Amino acid sequence: MRELPHQIPFRVASKLIRRDATSIEGEFLCTANDEMPLDVMLVEAMAQFGGALVFDAQGYLSAIDDCELTRALEAGDVVRIEVTLDASLGPLHRFHGIGRIGGVEVARARFYLSAHAEV
């Protein structure tokens with residue numbers, strides 16, 4: 001998990017499973033202790049996995065586009081997340097992510113991350 005830009009207490013991604021040049025796979029464990037709604041935490045976990053593909057340091061979640069959850073998440077759910085880098089334009093990167101529980105898709109989102117701009 002050291003590959004992820006976020007670390008405890010800000011890391012919500014639970015487990016890194018596989019990573020290559022354009023995709024990453026991991027898990028998000030839904031807990032009753034999460035301070036934000038679990039669906040928000042799931043999208044944040046997707047963004048954190050995406051950040052591990054393109055950043056050495058923390059980036060910024062710039063936009064979420066076309067996000068859909070097909071069932072409510074509950075404490076104890078383990079969501080297997082697959083994130084793919086679709087395109088990059090300078091410091092801006094577009095991804096799509098899919099979350100599955102027991103092999104059944106429960107979430108899908110397209111999102112954008114940007115690098116910290118030097119002033």
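For the structure, see preceding data.
Figured I'd write up the structure that's included with this text. (Residues numbered from 1 in each chain as written. Predicted model: local features only at pLDDT ≥ 70, side-chain atom pairs only at ≥ 80, totals over all residues. Heavy atoms only, no water.)

## Digging into the pattern of salt bridges
When the charged atoms of two side chains lie near each other, side chains of opposite charge can form a pair. How we decide: We define a salt bridge as a side-chain nitrogen of Lys or Arg found within 4 Å of a carboxyl oxygen belonging to Asp or Glu. Elements are defined by DSSP. Helices are runs of H or I of four residues or more, strands are runs of E of two residues or more, and each kind is numbered from the N terminus. To sort residues, take the accessible area from a 1.4 Å probe on protein chains only and compare it with the maximum for the residue type: under 20% means buried, over 50% means exposed, and anything in between is partly exposed.
Going through the model one piece at a time under the given rule, you end up with eight salt bridges. A salt bridge links Asp-65 to Arg-110, with the nearest nitrogen and oxygen atoms 2.9 Å apart. Pair noted here: Asp-65 is in strand S3 (residues 60-69) and Arg-110 is in strand S6 (residues 104-114), with a separation of 45 residues, a long-range link. With relative accessibility at 29%, the residue Arg-110 sits in the partly exposed group. Note that Glu-82 and Arg-100 form a salt bridge whose closest N and O atoms lie 2.7 Å from each other. With Glu-82 in strand S4 (residues 78-89) and Arg-100 in strand S5 (residues 92-101), this pair connects stretches of sequence that are 18 residues apart. By relative accessible area, which is 30% here, Glu-82 ends up partly exposed. Through salt bridges with shared partners, one network takes in Arg-18, Asp-20, Glu-25 and Arg-80.

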